[in-house]
Structure formats: C-alpha cells, structure tokens
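Given next are the chains, with one letter for each unit.
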Amino acid sequence: MNKSTTTLSLDTSSTRTGWAFFVNKIYNQSGIVDLTTKENKKLSSDDRIEKMCLNIFDLIKKFHPDIIVIEKLTVSRNMNTVRVLSKIIGTVYAYALQNKIRYVELEASQWRSYLHMQKRGRKRDEYKKLSIQHAKIVANKDITDDEADAICIGEGFLKMNNVYMGN
C-alpha cells in the first residue's frame, strides 16, 4: 500500500503565522493563524504567544504531517522579537519531538535559493513581493506575505530534499 508523505510548513509570528500543507510534494492548501483582532490585541504578549502556540498545535493535529518545516530564527531582529519567536519555534520543536514528527529549520536564504529568489543586495520588501508572486501562482489565489512565505518555505524544502516516499 502506498503512503502519502505530508509536509506542513510554517512562517511563524506572534500575530500572523502563515502555514502551508503539501501532500507528496504537491501544494494542497494554506492559510493564516491570525491573532490581529481587537480581542487578541488586548492580550499580553505572553498570552498571545501561548494562544499562537495552541493554534499551531491545532494545525499540526488537524494535518498529522510527517514533516514540519519552519523558518530558522535570525538574530538580526530586536530582542523582543527573538524572545517571542524562540518561544513559538521551541514549542513547535518540542511538539514535533514528542510526536515523532520530522522537524526541519531552514534559513530564508536556503529556501529562496531553491526557488531562485536569493540575490545579494535584495531588501526585505523585494523578497516579500517575490514570495507573494510565486505563491499566488502555486495557490491560485490572492494571499498575504505570511501565507506566501509559508508556501515558499515548504516548496523550497521539498525541492531541496526530494521527500516523496511513496512507490
């Protein structure tokens, strides 16, 4: 019997985490965990982080992926952002370990290289536009940069690793 290989890719944030789901290297669906509502903005930073982690857990439980791919944290951001993202990424890592899910972190330059976006001197806004353009074609819908990055992270990983395991 053939088994599908499933991949869930995440572009994490404390307010808007993009996600994309792939089956046998083929885009299936994507979306955003959006905590930017008035109600969520009233939450403390720690409560919002907790809520984001729980929402990501729900995604993982829903899709039961074989692989979780997440963008590696870069230290060039401010310390509060580093603290927030390290909690979210660390929580996803621990969940993956506990549930025997393969966990992969990619640097932005890695997935961009495999999608032919990486170029010395490009600014963040340029990368966001390229990501949206690429992901709109893949998803065949209008999307935000968070969702686009999640799609691109997953696609870059899959191109890097040829993860199809079925026969």
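The structure reproduced in this document is the subject of the present report. (Residues numbered from 1 in each chain as written. Predicted model: local features only at pLDDT ≥ 70, side-chain atom pairs only at ≥ 80, totals over all residues. Heavy atoms only, no water.)

## So, the pairing of strand β1 (residues 6–11)
Piece 1. Among the six residues that make up β1, six are buried, leaving the element largely enclosed by the rest of the structure.
Piece 2. In β1, alternate side chains face the same way, and those of T6, L8 and L10 on one face and T7, S9 and D11 on the other are all buried.
Piece 3. Taken together, β1 and the strand that follows it, strand β2 (residues 16–23), pair antiparallel across an intervening segment of four residues.
Piece 4. Where β1 meets strand β4 (residues 67–71), four bridges bridge the pair, whose relative direction is parallel. Each bridged residue has a counterpart across the sheet, and for L8 the counterpart in β4 is I68. (Buried < 20%, exposed > 50% of the residue type's maximum accessible area, 1.4 Å probe, protein only. Helix = DSSP H or I, 4+ residues; strand = E, 2+ residues; numbered from the N terminus. Pairing = 2+ DSSP bridges.)

## Re the packing of aromatic side chains
For any pair of aromatic rings, geometry is given as the distance between the ring centres together with the angle between the planes.
Piece 1. Following the criterion strictly, the structure yields five aromatic pairs and no others.
Piece 2. Taking the centre distance of 4.3 Å and the plane angle of 25 degrees together, the rings of F21 and F63 count as stacked. Taken together, the positions of F21 in strand β2 and F63 in helix α2 (residues 45–63) put the pair 42 residues apart, joining distant regions of the chain. By the burial criterion, F21 is buried, and F63 matches it.
Piece 3. Ring pairing ties together the aromatic residues W19, F21 and F63, which thus form one cluster.
Piece 4. A cation over a ring is seen here: R112 above Y127, with NZ or CZ 3.9 Å from the ring centre. (Phe/Tyr/Trp six-rings, centres within 6.5 Å; stacked < 30°, edge-to-face > 60°. Lys NZ or Arg CZ within 6 Å of the ring centre and 35° of its normal.)

## Looking at helix α3 (residues 79–98)
Piece 1. Counted at 1.5 Å a residue, the expected span for α3 with its 20 residues is 28 Å, and the 28 Å between its end C-alpha atoms agrees.
Piece 2. Within α3, burial applies to V82, V84, L85, I88, I89, V92, Y95 and A96.
Piece 3. On the buried face of α3, the contacting elements are β1, α2, β4 and β5 (102–106).
Piece 4. Positioned one or two residues after α3, K100 has a phi angle of 55 degrees, which is positive. (Expected span 1.5 Å × (residues − 1). Contact = heavy atoms within 4.5 Å.)

## Some details on α2
Piece 1. The terminal C-alpha atoms of α2 lie 27 Å apart, and with 19 residues this matches the ideal 27 Å at 1.5 Å per residue to within 8%.
Piece 2. Every buried residue belonging to α2 is among R48, I49, M52, C53, I56, F57, L59, I60 and F63, and all of these are buried.
Piece 3. The secondary structure elements touched by the buried residues of α2 are β1, β2, β3 (26–34), α1 (38–41), β4 and α3.
Piece 4. Phi turns positive, to about 45 degrees, at H64, one or two residues after α2.

## Considerations on the sheet that holds β2
Piece 1. The sheet built from five strands is open, its strands ordered β3-β2-β1-β4-β5 with mixed pairing. Each edge of the sheet is formed by a strand with only one pairing partner; in this case those strands are β3 and β5. Strand after strand, the sheet turns through a mean of 20 degrees between neighbouring axes, direction not considered. (Axes fitted to C-alpha atoms, helices over the stretch in contact; angles between N-to-C directions.)

## Thoughts on the environment of P65
Piece 1. In this structure, P65 sits in the loop between α2 and β4.
Piece 2. Look at P65 and you get buried, because its relative accessible area is 5%.
Piece 3. The spatial distance from the C-alpha of P65 to the C-alpha of E126 is 31 Å, given a sequence separation of 61 residues.
Piece 4. Non-local contacts of P65, meaning those with residues more than four positions away in its chain, are made with T6, T7, L8, I60 and I101.

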